[in-house]
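Coordinate analysis (summary)
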Amino acid sequence: MKKIITWFVDNPIISNLLMILIVAGGIIATTIIKMEIFPTFELDVVTVSYVYPGAAPNDIEESLSIPIEENITGISGIKKTTSSSSEGYGMVIVEILPGSDVDLIKEEIKSRVDAITNFPKDAELPIVSQMIKHTPVLSVAISGDIDKNSLFNLTKIIKDELDGIDGINLTKIGVPKTKAIFIKPDKSALVKHGLSMSDIEREIRLNSIEIPGGKLESRYDKKTIRLKQKSKTDKDMGNIEIYSIANDSKIKLKDIAYVYEGFKDEDIKTTFNDLNASFIDVFRIGSQNALEVSEKVNLYVENKNQSLPVGVKLSVWNDESIFLKGRLELLLKNALIGLALVMFVLSVFLKPKFAFWVSLGIPISFLGALWLFPGLDVSINMLSLFTFILVLGIVVDDAIVVGENFYKYKEKGLDSRASAINGAYEISTPVIFAILTTMATFAPMLFITGASGNVWKIFPLVVIPILAFSLFESLTILPFHLAHSKDRFSNVGIIKRITLKWDKVRLKVSTALDSVINLFYIPFLKKCLKNNYLTLSVFLSMLICTIGIIYSGIVKFNFFPGLENDTISAQIIFPEGTPIKKTQEGIDILMKSLNELEIELDEEVNSQDGVVLNVLTVVGAQPYRMAASGRGTPVES
């Protein structure tokens, strides 16, 4: 190890080039690293989804879900299979055992599903895919005093425009609605004309077909014949002719039934601030930057609002990039404050010049880790930024130890080169093992399998590279800088005067610290070394007291502490099948409470910093959700 340290000390060009390479590589890497709120990862789950238009949940379960589950049973690597069926749609969810080849199992499932030949005639072919966890960056709420058809059409237009923005590739309508044509027969008219529901159903099916009719070929041309007869609107459907048995003539469907256009999910109501609304979720995929996606959507919303009809408005809702931006700002703020504090504290005990080179380990270690992020497939997200903040306090410890040992040899009268080599070599073994033990603490998280493993591995993939670069910098680049630092004062008068005054302060602090060490610490240490059982008893008593004040409640323990913020959320969950009227009553109660709360808050705060409550509600036969946010900071529950 001494030869390596000496080689770096005696080769200043290599040492400086390595430092520049690490810093430049980290800065360049920041331009290509993915930025997302939470990491996107593939789950060890394969889904088989299928559509059977108009079928009841029981029919879908019997004709699709059960046959699929029975056919994929026995495939090696499957942990559990569950299915769900709703009107017109069903899904089989297959959980894969950790460590299994998901792609191979997915192909085997697809082969067995494709081999099933007794699916219903009108059912669409099942789709087999691996579940991918995507977190929306934000949502765009479209709200206003507008009818359902206009809102539906406007939502489709805005979704298409969002999809057309460069850098946005995935959007989904939050509560998708499907247009449908509803037919309500008049019972008396059916009896009058001697018709039944099956007669109407047969005629509608005959007017909704599209089948191949063969080909016409000649010496010079070839054409395909298709028989196409589709009724696409309520007007077309109403004009379908049906044979009247009683009158021996043809009548139109609209004469015996009420035909109108509507939506399948009429029992689901979405409002934003008490206005009819729909919302579109915008996602970040691939290498896209969540902050850039948010910026582009906010710019689009601002421009689009200027061209919308009066009373219709677009609003950005639940913008998660706000939290990512806040975490980034917190990291930079903590890093700068930490760097300044480290330099200040070290300058009190060491010379400011030495303190600067020691503190330089923080940015070099962080930028070095960022340099490796693309290769390790690590993104800048809430978890990785949290880990950066977590490791910020320990990243410079090894550099401080090396710097302090260098200063000890300087005080003994050795020159800078010998002090750097001897100081770094003497402390290299404990420094290396201190870093390796910390790495070993985080390393087991790399071997956690399953969906949770995709989350936990982020922590070691951030901590280990930072600590590795910190160790490398403290035993190579730092000794070089310390060895070539000069002891002479600056030629600039003001800097020289400041340095002399600071040295006087530093010497006083050093003298006071030496007094504490000689009068208190050394005598206490000698007693501890002579009385092993007494020492163990004292520290065991301290451990018992520590545990006692936690269990007694003097120091409270919460896994997730309560946080004060500018958000308010409310939620009511009714049992499935609850009438829409009942859920609407729940909305009215909560909206009344929120409006009263808004008035109270407005009275308490300055008018320039007022509280704005944005409320998004989705109410239907399914569990009901409602969320409110204050001061533009959205939270959904």
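Residues numbered from 1 in each chain as written. Predicted model: local features only at pLDDT ≥ 70, side-chain atom pairs only at ≥ 80, totals over all residues. Heavy atoms only, no water.

1. Details of the side chain of Ser 474
Tracing the chain through its elements places Ser 474 in helix α18 (residues 458-483). Among the polar contacts made by the side chain of Ser 474, one reaches the main-chain carbonyl oxygen of Leu 471 at a distance of 2.9 Å. With near-sequence residues (within four places) excluded, Ser 474 lies in contact with Asp 398, Ala 399, Val 402, Val 431 and Pro 479. (Helix = DSSP H or I, 4+ residues; strand = E, 2+ residues; numbered from the N terminus. Polar contact = N/O pair within 3.5 Å; in protein donor to acceptor, adjacent residues only side chain to side chain. Contact = heavy atoms within 4.5 Å.)

2. Some words on the packing of aromatic side chains
Going through the model one piece at a time under the given rule, you end up with eight aromatic pairs. A ring pair is formed by Trp 7 and Phe 8, whose centres lie 5.2 Å apart and whose planes are at 85°; its orientation type is edge-to-face. For Phe 8, a relative accessible area of 9% puts it in the buried group. Plain terms: the ring middles of Phe 272 and Trp 317 are 5.7 Å apart, the flat faces sit at 90° to each other, and that makes the pair edge-to-face. (Phe/Tyr/Trp six-rings, centres within 6.5 Å; stacked < 30°, edge-to-face > 60°. Buried < 20%, exposed > 50% of the residue type's maximum accessible area, 1.4 Å probe, protein only.)

3. Focus on a positive patch on the surface
Taken together, the side chains of Arg 497, Lys 501, Lys 504 and Lys 508 present a region of like positive charge at the surface. For Arg 497, the location among the structural elements is in helix α19 (residues 493-530). (Patch = residues over 30% accessible without salt bridge, like charges linked within 9 Å, V, L, I, M, F, W, Y side chains within 5 Å. Areas by Shrake-Rupley, 256 points an atom, 1.4 Å probe, with all protein chains shown as cover. Salt bridge = Lys/Arg side-chain N within 4 Å of Asp/Glu carboxyl O. Lys, Arg positive; Asp, Glu negative; His and termini not counted. Charge placed at Lys NZ, Arg CZ, Asp CG, Glu CD.)

4. Points about helix α12 (residues 352-359)
Turn by turn, an α-helix covers 3.6 residues, leaving residues three or four places apart pointing in a common direction. If you check which residues of α12 are buried, you get Phe 354, Ala 355, Val 358 and Ser 359. End-on, the buried residues of α12 take up no more than an arc of 130°, which puts them together on one face. (Arc of directions from axis to C-beta.)

5. Observations regarding the environment of Val 297
Tracing the chain through its elements places Val 297 in helix α10 (residues 290-304). Sequence-wise, Val 297 and Ser 139 are 158 residues apart; in three dimensions their C-alpha atoms are separated by 9.2 Å.

6. Here we look at unusual backbone geometry
Both trends apply: most residues other than glycine have a negative phi, and most peptide bonds are in trans. In this model, Asp 377 sits at a positive phi of 60°, which is unusual for a non-glycine residue. With respect to the helices and strands, Asp 377 occurs in the loop between α13 (361-376) and α14 (382-391).

7. Some words on the pattern of salt bridges
In this structure the tally under the stated criterion is seven salt bridges. Here Lys 80 makes a salt bridge to Glu 95, at a shortest N to O gap of 3.7 Å. Taken together, the residues Lys 80 in strand β2 (residues 78-86) and Glu 95 in strand β3 (residues 89-96) connect sequence positions 15 residues apart. Taking the relative accessible area as the measure of exposure, Lys 80 reaches 43% and is therefore partly exposed. Among the salt bridges present, the one from Glu 426 reaches Lys 408, with a minimum N-O distance of 3.4 Å. A residue pair is termed long-range when its members are at least 10 positions apart, and Glu 426 in helix α16 (residues 416-442) and Lys 408 in helix α15 (residues 397-411) qualify at 18 residues. Overall, Glu 426 belongs to the partly exposed group, its relative accessible area being 41%.

8. Considerations on empty space enclosed by the protein
Where empty space is left becomes clear once a probe the size of a water molecule has been rolled over the atoms. A complete count under the given rule lists one cavity of 30 Å³ or more for this structure. Looking at the largest cavity, its volume works out to about 50 Å³. Forming the walls of the largest cavity are Glu 36, Ile 37, Phe 38, Thr 40, Thr 135, Val 137, Arg 284 and Ala 290. Across the lining of the largest cavity, the residue classes break down as four nonpolar, two polar and two charged. (1 Å grid on protein atoms, 1.4 Å probe; cavity = no way out; pocket = protein on both sides within 12 Å on 5 of 7 lines; lining within 4 Å. Points joined across faces, edges and corners; volume = space filled by probe spheres on them. Nonpolar A, V, L, I, M, F, W, Y, C, P; charged D, E, K, R; others polar.)

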